[in-house]
Amino acid sequence: MRELTAGLPRSYEVEVRGRIKFRVGRIVYLAFSRDETRMGFAFPKEEREAALETYPDTFLRPRPSDMRYQWLVVRLEAIDRDELRELVFDAWRMVVPKTLASLSDEELGQRTLEAGAADPPDVPDGRRRSGMAG
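Per chain, the residues get numbers from 1 upward, laid out in the order the sequence is written. Only residues with pLDDT of at least 70 are given local features in this predicted model, and only at 80 or more are side-chain atom pairs given and counted; all residues enter the totals for whole chains, interfaces and linings. Hydrogens and water are ignored here; the side-chain numbers use all heavy atoms of the structure.

Caption draft 1: A look at the nonpolar core. Side-chain atoms within 4.5 Å are what join buried Ala, Val, Leu, Ile, Met, Phe, Trp, Tyr and Cys residues into a set we call a nonpolar core. Any residue under 20% of the maximum accessible area for its type is buried, any over 50% is exposed, and the rest in between are partly exposed; the area is computed with a 1.4 Å probe on protein chains only. Counting 31 residues, the largest nonpolar core has M1, Y29, L30, M39, F41 and W92 as the members making the most contacts within it. When residues of this core are traced back to their parent elements, those giving at least two are β2 (19–24), β3 (27–32), β4 (38–42), α2 (45–54), β6 (71–75) and α3 (81–93). Here this core gets six residues from one element, more than from any other, and that element is α3. Note on conventions: DSSP H or I runs of at least 4 residues are helices, E runs of at least 2 residues are strands, and numbering of each starts at the N terminus.

Caption draft 2: Structural view of α2. By the burial criterion, the buried members of α2 are R48, A51 and L52. Considered in projection along α2, the buried side chains sweep an arc of 95 degrees and stay on one side of the axis. Turned more than 90 degrees off the buried face of α2, the exposed positions are E46, E53 and T54. In this analysis, two residues are considered to be in contact whenever any of their non-hydrogen atoms come within 4.5 Å of each other. Each element contacted by the buried residues of α2 is listed here: β5 (59–60) and β6. Regarding the arc, it is the one traced by the directions from the helix axis to the C-beta atoms.

Caption draft 3: Structural context of the sheet that holds strand β1 (residues 11–16). We treat two strands as partners when DSSP finds at least two bridges between them. On the basis of which strands lie adjacent, the open sheet formed by six strands has the order β1-β2-β3-β4-β6-β5 and antiparallel pairing. If you trace the sheet from one side to the other, it starts and ends with β1 and β5, each paired once. As judged from the five bridges shared by β4 and β6, these two strands associate in the antiparallel manner. Within the sheet, the bridge partner assigned to F41 lies in β6 and is L72. Strand contacts of α2: β5 and β6, with the helix running at about 20 degrees to β6, the strand carrying the most contacts. Each axis is a line fitted through C-alpha atoms, taken for helices only over the stretch in contact, and angles between the N-to-C directions span 0 to 180 degrees. Running over the sheet, α3 touches β1, β2, β3, β4, β5 and β6 and is turned about 155 degrees from β3.

What is shown is where atoms sit, not what they do.
This is the structure:
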């Protein structure tokens, strides 16, 4: 996961109560379950029911307290790397300015490749991003 998010502008990783989350500013666009088998992600609320009905073995309804948000949960074992990449990039696009959101998947993929060779960037509170492999 970290290699997918490494080159995404304004994205950074945090740990909150034992859970890994990825943010842009203060907005969370990816969050993992404690056992890292499920990932919540930014997803259009108006498309959530269709995704749940179409792919019931892949997607899960967010917990009741998260239903008000644009959020969906995926079973990570049910998707491949390309599908994961698409979910990550689309979730990130939902929380960044339009000029960044307009970057193509190819441009974002290139940025992640380039970022993999660079040092981790600073996060807003001045700490360094985790160097853990993903």
